[in-house]
Amino acid sequence: MPQPTQSRRIICGALLPALAATPLLLLLFLAASSSPGVLSGEVDLPFGVSAGHRRGGSHRTMYMQSLRDNADGAEAESKSVLNSISNASMSSTRGMPLRGGGHNHDDDGSRGRRRLQKSAKGQNPQQLVAASFEMGFRAPVISIALTHLPKAGPTNRKYFMYWRAIGGKSTQSAATVDIDTMKSNMITTNLDQFCNGPIVLADGNPALFGGYDEPKNKLQADGRKWISVYDDSQKKLISTTTMLYGRWYPTPCMITGNKVLIVGGTSNMDKGPMLPVAELWDPAKPTIGTVQLPLPPTFKKVAGNNWYPFVVMLPRGEILWWGDRGGSITDANWNEIYKFPDLPKNTFPYRTMYPYTSSIVLGALKPDPKTGEYNTFSVIIFGGAPDGSKGAPAAPVSARLDMSYCSKRICDNGWVIEDMAGQRRVMPTTTVLPNGKVLVHAGAQAGVAGWKSGSNYKGTLPAYLDLMYDPNASLGKRYSLSATLGIIRMYHTTSCLDLSGKVISAGCETCGMTGAAAGNLPATVSRSPDGDSDFRISFAVPTEIGPGVERPVIVSAPQIIKRGRYGIPARVCLSVCLSAVCTHTCCPAA
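What you see is a predicted model; the values in this text were computed from it and never measured.

Peer 1: I'd love a proper account of the overall build of the chain, names of residues and values included.
Peer 2: Scanning the chain from N- to C-terminus turns up five helices and 41 strands. Counting across all 590 residues of the chain, residues that qualify as buried make up 63%. In the form shown here, the chain has an accessible surface area of approximately 20500 Å², with 51% of it arising from carbon and sulfur atoms.

Peer 1: For the sheet that holds strand E9 (residues 158-162), give the residues involved together with the corresponding values.
Peer 2: Spatially, E8-E9-E10-E11 is the arrangement adopted by the four strands of the open sheet, whose pairing is antiparallel. For this open sheet the edge positions go to strand E8 (145-148) and strand E11 (183-187), each flanked by a neighbour on one side alone. Along the sheet, successive strands turn relative to each other by an average axial angle of 20°, direction set aside.

Peer 1: Give a description of the state of the cysteines that names residues and reports values.
Peer 2: Applying the stated criterion to the full structure yields two disulfides. Between the sulfur of cysteine 406 and that of cysteine 411 lies a disulfide, 1.7 Å long from S to S. Classification of the bridge connecting cysteine 406 and cysteine 411 rests on its S-S torsion, roughly 80°, and on that basis the disulfide is right-handed. Relative accessible area serves as the criterion here: at 8%, cysteine 411 is assigned to the buried category. Covalent S-S linkage joins cysteine 508 and cysteine 511, the inter-sulfur distance amounting to 1.9 Å. Taking the sign of the S-S torsion, about 90° here, the bridge from cysteine 508 to cysteine 511 comes out right-handed. By relative accessible area, which is 2% here, cysteine 511 ends up buried.

Peer 1: Summarise the confidence of the model for the chain; cite the residues concerned and give the values.
Peer 2: Of all residues in the chain, 73% attain a pLDDT of 70 or more, and the chain-wide mean is 79. Predicted confidence for residues 1-127 stays below pLDDT 50, and this span has 603 contacts to residues more than four positions away or in other chains. When the criterion is pLDDT under 50, residues 568-580 qualifies, and its contacts beyond four places in sequence or with other chains add up to 72 contacts.

Peer 1: Lay out the pairing of strand E34 (residues 444-453) with the relevant residues and their values.
Peer 2: The buried fraction of E34 is high, at eight of 10 residues. The hairpin formed by E34 and strand E35 (residues 456-462) contains two residues between the paired strands, and glycine 454 there has a positive phi angle of roughly 70°.

Peer 1: Now, about the environment of asparagine 205: what can you tell me, with residues and values included?
Peer 2: One can find asparagine 205 in the loop between strand E13 (197-200) and strand E14 (206-209). Sequence separation between asparagine 205 and threonine 147 is 58 residues; the distance between their C-alpha atoms is 9.4 Å.

Peer 1: Tell me about the pattern of salt bridges, and please be specific about residues and values.
Peer 2: Scanning the model with the defined rule gives 16 salt bridges in all. Measuring nitrogen to oxygen at the nearest pair gives 2.7 Å for the salt bridge that ties aspartate 222 to arginine 224. With a relative accessible area of 29%, aspartate 222 lands in the partly exposed category. Taking relative accessible area as the criterion, arginine 224 reaches 17% and is therefore assigned buried. Across the pair glutamate 279 and arginine 247 runs a salt bridge whose closest N-O atoms are separated by 3.0 Å.

Reading the values: rules and limits
- Residues numbered from 1 in each chain as written.
- Predicted model: local features only at pLDDT ≥ 70, side-chain atom pairs only at ≥ 80, totals over all residues.
- Heavy atoms only, no water.
- Helix = DSSP H or I, 4+ residues; strand = E, 2+ residues; numbered from the N terminus.
- Buried < 20%, exposed > 50% of the residue type's maximum accessible area, 1.4 Å probe, protein only.
- Areas by Shrake-Rupley, 256 points an atom, 1.4 Å probe, with all protein chains shown as cover.
- Pairing = 2+ DSSP bridges.
- Axes fitted to C-alpha atoms, helices over the stretch in contact; angles between N-to-C directions.
- Disulfide = S-S within 2.5 Å.
- pLDDT = per-residue confidence, 0-100.
- Contact = heavy atoms within 4.5 Å.
- Salt bridge = Lys/Arg side-chain N within 4 Å of Asp/Glu carboxyl O.

Written out as structure tokens, the structure is:
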């Protein structure tokens, strides 16, 4: 069967009125950070994105886009390669002097001067322990899609998880899990929506777009064209309408007006070709169906098969489309207004979309201290793999593009390529934390995302140290390393921000490897009792809220946080990415 891949993609979602009406969520996130700026009287709200990633073919990054200006309020190997990476890639190295080039776009589309930027030397990332880890409990399903359930209560830690029907013998592919009570509930799923694109809608309900058609599955219908919504009050997954095209590995993105843009995927699982259009669905009219939209010309040219592309809404309502090594930005009328500069081939010769699966985030957004406007934003690509990789070492670098609104244009400062503290990564997951830092979690050090081919794993050398990326640190000093992971996570896993400020991690379907494929895993890593599958939940605990840290206590909070208060002018933006509990993840396929 087509292998469910974990393409690293980043999805954009929306922060529902349910979340906006729950100020404790935002305040608890702020309390999760020990940053002096956050704990002082002048609270700098760290607007960022909550990433709920999947690994392997299903590496999805979850994006929460919220506080939109709407009336309703609202990611066959050779042993020599394996051994060389195993021995070398987990050791820290100094910041490499890498080059990145970029351009500013004039109104006539001309390219401005290119800039070269170097990483600072002398970095020793192992001086800091960026995060520690906690073991959780066993979930009833392998979580390849993970979303929070805001409607379950204002301070709840309840999640919706989606897997697949095993061997076509089950109609229960989903479950809800309550972290506080450790209770779970299996959910009947009449459609096969494995490899769907998940998101949380503005009303607080998770929605699934597209899916799969397992040939051996005789109990679930083909789910590739379907849009389904989970209603926690009914404990049901409800099939609402169909899309124009069957989509396996699509990316949903919440846009202005609480509508959902659906991009990418294919009707022909694991093969392509690219679907010729995007689609738009209005949850306010759930049974009406979708309308088609054009793909931006530049994005369409570079997106390849377009499986789980990275799509996110920007502060003024524009849509960012990223596909593999390039992309576009479109305005409210779907006109292409910006083309991404080329990634430098000499310092970032890697592909980023499934099966080469990097993890991409839109960095935390901060308002201008004088105007309150959101005029700057950053896109950061973590890891990836070389074209045609068959067990080759994964990317040891990240790529960052700082962008801004300049008059009527969007300008950039050129790509900055940074050494990831000697760590190589393919199919990691990434989560933007409340203090703006990014946790790069697990993944592999070699190969690509995907199922096993016979007895050979496509992704090998599990990463057992996480990376913490501080976007506000000086160049060359942005990465630090975590303590050793308690559980490895590879293909078909997810992670996202929990209400506690910790990062919840779950799933894996290729984690049973041993010998050269497993590399030099420390004895403290706990291997799955179920072979390749890992049902266990675990948590990454950022140092800022780790053991021994006294956290702030919230003694009072407003019932509703409204736009235009707390120093955030109502006029300044159409949308903002808010660091919040995981509201959706993406499932790239195999």
